[in-house]
Amino acid sequence: MAKVQVAINKAYQPVFSRKERTIVLYGGAGSGKSKFAIQYFILKYSREKRTALVIRKVGATIRDSIFKEFVTGLSEMGLYNTSKINKSNLSITLKNGSLFIFKGLDDREKIKSISGIDDILIEEATELNYDDVTQLDLRLRSKASNQQIMMMFNPVSKANWTYKTYFEKEAPPNTFILKTNYKDNAFLPKAYVDNLLNMAKTNPTYFKVYALGDYATLDKLILTNYQVMQEKDIELPKDTSFIIGMDFGFTNDPTTAILLGYSASTDTLYILDEIYRLHMLTDEIYSSVVKKGFNKYRIIGDCAEPRLIKELKLKGLKIEAAKKGSDSILHGILWLQSRNIVISDKCVNTLTEFQNYTWQKDKKTEEYINKPIDDFNHCIDAIRYGCEKFNTKNRLRTLEKSALGL
Ligand SMILES: Nc1ncnc2c1ncn2[C@@H]1O[C@H](COP(=O)(O)OP(=O)(O)OP(=O)(O)O)[C@@H](O)[C@H]1O
Ligand SMILES: [Mg+2]
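If you're wondering where the values come from, they're calculated on a predicted model, not measured in any experiment. (Residues numbered from 1 in each chain as written. Chains lettered and ligands numbered in written order. Predicted model: local features only at pLDDT ≥ 70, side-chain atom pairs only at ≥ 80, totals over all residues. Heavy atoms only, no water.)

What follows is about the site of ligand 1. As a matter of local geometry, ligand 1 sits amid 16 residues, with Ala7, Gly30, Lys33, Ser34 and Lys35 nearest to it. In the environment of ligand 1, a nitrogen atom lies 2.7 Å from a nitrogen or oxygen atom belonging to the backbone of Ala7. In this structure, a nitrogen atom belonging to ligand 1 sits 3.3 Å away from a side-chain N or O atom of Asn9. (Near = heavy atom within 4 Å. Polar contact = N/O pair within 3.5 Å; in protein donor to acceptor, adjacent residues only side chain to side chain.)

Structural data, given as structure tokens:
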């Protein structure tokens, strides 16, 4: 076979000589984690016939992320023409028969039925939970040598399982951890780096996580009264009523739409499904709402965007503006804090926000104030708008700090 040409970032070279079963690649955005993992797997798999499972939490996100990047990787390494790329069932077979199977964890039954897996690659591992990863680990029981689980992620929150597992105490045995950031990627465009560095001024939390690749200091979380469940295990009470909450963004913030169910008899809020995407124009918002089947429901959107609401209404959505009102953020938070909340584990962006949504601190006194940070709130704002309709009691309750758990 012709020698495969590949340009590997220096920071990742040590991985080639590691023998640990678990390889954790974490750090800042654009540090080259995904690119390296793909290069590494293609090299390993060109040498020897093996089968890998390439995993992300939500199957629907695979085609346009890691699968696409694998195909690019094959082209760059001159292996595109000799590989079989199956775009419909998302698999790639190399010339020597090595196989990459791409699956979302939402396809659990299918994953269970795949046998002979030699390695597992997990993209955006913070979207999974500890159980998911333990279960996957159990899948690695073929006879091949040097079986590995490699995972990549940004260090979103200290409330995430990755922090608890790999950083809070000594890392588990047989684990190699490599931290990288933008400085470790020689191939990043200058504009990308400038944008990252600019966050130091505009958004210190994001800067810490996405530029430096550090876990943000976890301040006081606002919403802790939730449990995460697999979609198939959620049993909705008969009296559950449904609504969609929607928040609008474009360049820096995503547009979000969250499917909510509320059962008054059990006082439980269910967070069932989500749309979360940057750069969506009105047409795209509309089509993604229809694709998810969210158009069946009444939608409550951010009233700061009356034109978008009007446009979506003209297209046929049952959409209206949120009322908000004075102190609506705190009232909304208080309402959410006072319910039981169940989050479907497919709502990965909502979960990231719950794990990062914290109270601000007074800079001088270091005391918490009754104001949430203005980050990690795109799904949460959408949820608050939707819940206005469930929160029908009058809102005379005073907003003392103690009521908010401060
Ligand atoms: N070895 C390489 N050769 C060529 N280009 C590279 C290489 N490594 C990284 N890049 C470029 O840098 C970009 C960012 O790399 P990559 O997507 O792997 O970063 P990441 O760490 O996975 O980022 P994120 O945390 O956002 O997922 C890639 O899209 C690619 O254009
Ligand atoms: Mg990546």
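Enumeration over the complete set of coordinates arrives at 25 aromatic pairs. With 6.4 Å between their ring centres and 25° between their planes, Tyr163 and Phe167 make a pair best called stacked. The exposure class assigned to Tyr163 is buried, which follows from its relative accessible area of 16%. An aromatic cluster of at least three residues, connected via ring pairs, comprises Tyr12, Phe16, Phe36, Tyr40, Phe41, Tyr45, Phe67, Phe70, Phe100 and Phe102. (Phe/Tyr/Trp six-rings, centres within 6.5 Å; stacked < 30°, edge-to-face > 60°. Buried < 20%, exposed > 50% of the residue type's maximum accessible area, 1.4 Å probe, protein only.)

To continue, consider the sheet that holds strand 7 (residues 148–153). The mixed open sheet is built from 8 strands, whose spatial order is 3-4-5-2-6-7-1-8. Strand pairing shows two members of the sheet lacking a second neighbour, strand 3 (84–86) and strand 8 (175–180), which therefore form its edges. Mean inter-strand twist for the sheet, computed between neighbouring axes without regard to direction, equals 15°. Two elements, strand 6 (residues 119–122) and strand 7, share 4 bridges in a ladder whose sense is parallel. Across the sheet, Ile122 pairs through a bridge with Met151, a residue of strand 7. (Pairing = 2+ DSSP bridges. Helix = DSSP H or I, 4+ residues; strand = E, 2+ residues; numbered from the N terminus. Axes fitted to C-alpha atoms, helices over the stretch in contact; angles between N-to-C directions.)

It is worth spelling out the sheet that holds strand 13 (residues 299–301) at this point. Taken in spatial order, the 7 strands line up as 9-15-12-11-10-13-14 in an open sheet, and their pairing is mixed. Each having just a single partner strand, strand 9 (226–229) and strand 14 (319–321) make up the two edges of the open sheet. Put simply, the sheet's adjacent strands are angled 30° from each other on average, direction ignored. Sheet analysis places strand 10 (residues 241–247) next to strand 11 (residues 255–263), joined by 7 bridges and oriented antiparallel. Within strand 11, the residue paired with Asp247 across the bridge is Thr256. On the sheet, helix 8 (residues 282–292) packs against strand 10, strand 11, strand 12 (268–277) and strand 13 and is oriented at approximately 135° with respect to strand 12. Sitting on the sheet, helix 9 (residues 306–314) is in contact with strand 10, strand 13 and strand 14, with an inclination near 160° to strand 14. (Contact = heavy atoms within 4.5 Å.)

Moving on: the pattern of salt bridges. Enumeration over the complete set of coordinates arrives at 25 salt bridges. For Glu231, the salt bridge goes to Lys346, with nearest N and O atoms at 2.8 Å. Taken as a pair, Glu231 in the loop between strand 9 and strand 10 and Lys346 in the loop between strand 15 (340–344) and helix 11 (348–354) lie far apart in primary sequence, 115 residues in all. Residue classification places Glu231 among the partly exposed positions, given a relative accessible area of 47%. Residue Lys346 is classed as partly exposed on the basis of its relative accessible area of 22%. Ionic pairing is found between Lys389 and Glu320, a salt bridge with its closest N-O pair at 3.7 Å. Of this pair, Lys389 sits in the segment after helix 12 (378–387) while Glu320 sits in strand 14, and the two are 69 residues apart along the sequence. Here the salt bridges share partners, and the residues they tie into one network are Lys44, Glu48, Arg50 and Asp119. (Salt bridge = Lys/Arg side-chain N within 4 Å of Asp/Glu carboxyl O.)

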